[in-house]
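What follows is the residue order along each chain.
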Amino acid sequence: MKVVVVTGGSRGLGLAIINRLLEEDYRLVAISRSCSNALQDLMHRHPGRITFEPYDFNNTTEIHDLALRIGREHGRIYGLVNNAAVGHDGILATMHEKDISELLKVNIEAPLLLTKYLIRPMLLNGQGRIINISSIMAGTGFSGLAVYGATKAALSGFTRSLSREVGRAGITVNTVAPGYMQTEMTASLQGQKLESIKRRSPLNSLASVEDVASGVSYLLGDSASMITGSTLTIDAGSTA
Ligand SMILES: NC(=O)c1ccc[n+]([C@@H]2O[C@H](COP(=O)([O-])OP(=O)(O)OC[C@H]3O[C@@H](n4cnc5c(N)ncnc54)[C@H](OP(=O)(O)O)[C@@H]3O)[C@@H](O)[C@H]2O)c1
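Note that the coordinates shown come from a computational prediction; the quantities given were computed from them, not determined experimentally.

Novice: Any chance you could explain the overall build of the protein here in plain terms?
Specialist: Secondary structure summary: the protein contains eight helices and seven strands in total. At 17 Å, the protein has a C-alpha radius of gyration in line with the 18 Å of a compact globule built from 240 residues. Based on the C-alpha atoms only, the size of the protein along its principal axes is roughly 50 × 40 × 40 Å. Buried residues in the protein amount to 41% of all 240 residues. In the protein, 72% of the contacts between residues at least 6 apart in sequence involve partners at least 24 apart.

Novice: Please explain the site of the ligand as it appears in this structure.
Specialist: Surveying the vicinity of the ligand reveals 28 residues, the closest of which are Gly8, Gly12, Ser32, Arg33 and Thr183. Sorting elements by how many residues they give to the shell around the ligand places helix H1 (residues 12-21) first, with three residues. Residues of the shell around the ligand, tallied by class, amount to twelve nonpolar, twelve polar and four charged.

Novice: What is the right way to look at the environment of Ile197 in this model?
Specialist: Along the chain, the position of Ile197 falls in helix H7 (residues 191-200). When the C-alpha atoms of Ile197 and Thr175 are compared, they prove to be 22 Å apart, with 22 residues separating the residues in sequence. When near neighbours in sequence (up to four residues on either side) are disregarded, Ile197 contacts Tyr180, Leu206 and Ser238.

Novice: For this particular structure, what's the right way to read unusual backbone geometry?
Specialist: Although it is not a glycine, Asn204 sits at a positive phi angle of roughly 50 degrees. Mapping Asn204 onto the fold places it in the loop between H7 and helix H8 (209-220). Residue classification places Asn204 among the exposed positions, given that 10 C-beta atoms sit within 10 Å. Within the chain, Ala236 stands out as a residue other than glycine whose phi angle is a positive 55 degrees. Structurally, Ala236 can be placed in the segment after strand S7 (231-234).

Novice: I would appreciate a short explanation of the nonpolar core in the present structure.
Specialist: Within soluble globular proteins, side chains that are nonpolar tend to cluster in buried spots. Of all hydrophobic cores here, the largest spans 65 residues; its most connected members are Val4 and Val5. Setting aside anything within four residues of it in sequence, one finds Val5 in contact with Val29, Ile31, Ile70, Ile77, Leu80, Val81 and Leu118.

Novice: I keep staring at helix H6 (residues 146-166) and nothing clicks. Help me out?
Specialist: Think of an α-helix as turning once every 3.6 residues; residues three or four places apart then point the same way. When the terminal C-alpha atoms of H6 are compared, their 30 Å separation across 21 residues agrees well with the 30 Å that a helix rising 1.5 Å per residue should span. When we look at burial in H6, the residues that qualify are Val147, Tyr148, Gly149, Thr151, Lys152, Leu155, Phe158, Thr159 and Leu162. Looking at the buried positions of H6, the neighbouring elements they touch are helix H4 (97-125), strand S5 (128-133), helix H5 (137-140) and strand S6 (171-178).

Novice: Help me out: how do you make sense of the sheet that holds strand S2 (residues 26-32) in this one?
Specialist: Backbone-to-backbone hydrogen bonds pair the strands of a sheet. The strands run either parallel or antiparallel. Reading across the sheet, the seven strands line up as S3-S2-S1-S4-S5-S6-S7 and stay open at both edges, with parallel pairing between neighbours. The open sheet terminates on both sides in strands that have one partner only, identified here as strand S3 (50-54) and S7. For this sheet, the mean inter-axis angle between neighbouring strands, taken without regard to orientation, is 20 degrees. The sheet contact formed by strand S1 (residues 2-7) and S2 spans six bridges and is parallel.

Novice: Looking at this structure, how should I read helix H3 (residues 63-74)?
Specialist: With twelve residues, H3 ought to run about 16 Å at 1.5 Å a step, and its terminal C-alpha atoms sit 16 Å apart, in line with that. Taken together, the buried residues of H3 touch S1, S2, S3 and H4. Taken from the residues just after H3, Gly75 is the one with a positive phi, measuring 80 degrees.

The rules we used
Residues numbered from 1 in each chain as written. Predicted model: local features only at pLDDT ≥ 70, side-chain atom pairs only at ≥ 80, totals over all residues. Helix = DSSP H or I, 4+ residues; strand = E, 2+ residues; numbered from the N terminus. Rg over C-alpha atoms; globule rule 2.2 N^0.38 Å. Buried ≥ 20, exposed ≤ 12 C-beta atoms within 10 Å, placed from the backbone. Contact = placed C-beta atoms within 7 Å. Near = placed C-beta within 6 Å. Nonpolar A, V, L, I, M, F, W, Y, C, P; charged D, E, K, R; others polar. Core = buried A, V, L, I, M, F, W, Y, C linked by C-beta atoms within 7 Å. Expected span 1.5 Å × (residues − 1). Pairing = 2+ DSSP bridges. Axes fitted to C-alpha atoms, helices over the stretch in contact; angles between N-to-C directions.

So this is what it looks like as structure tokens:
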């Protein structure tokens, strides 16, 4: 069974991705700070299919060790989904430097380092899939999300150049850009604001975490072997 590492697999989109990939022939390594009840429940229902690795991406100095441990325990991994992120918002002029620093560490430095170390076994294998979860905010912009948007745009740039670097080794690198999804990250956005996001969608709807997880599953599969360096936008048409 191919092994796929999913960061931020404890809840929200990451958990939906784990759930979706369980329908296929993958073994999964979920990484986040804590293991949620929902993830524990999935682990019990699918014995031997999911391993939980606790790690806090605020600490970037032990990511190399984390990658080596994953390699030792699970062999050469096939796929990496860089999904974990924080969504701190705030007007730049008054934002705490601590929040800016956490956004840069967790949302861009950590996925970059984890990819650096997990891509090595992929290079040896001559195959692999990297999927970076960005956001439509990388291309559109939203007041109060300047730093978050910068990290998401950085991930898209990372995808494009890395795809050129590793394509010859049979590794694809793609971005998935979700629109607004209802998770803990967006729990504060409700009521009128939520309705107006829905109204702007040609489908008069929001993409769910399951919709986005299907996109990730597609990019990991054999049918997507000729797709690299691209962005799959899943936003119910909000940015059309
Ligand atoms: N929700 C949206 O509308 C939306 C839209 C576009 C893009 N996105 C992107 O989609 C991805 C998933 O978002 P979500 O809505 O599912 O967020 P979420 O519900 O807040 O989940 C975030 C996940 O990341 C993990 N995480 C956060 N900080 C971490 C840290 N320091 N170290 C390790 N793990 C950490 C969390 O687990 P622990 O707290 O246990 O560590 C959790 O599993 C993110 O990349 C986000 O930017 C979301």
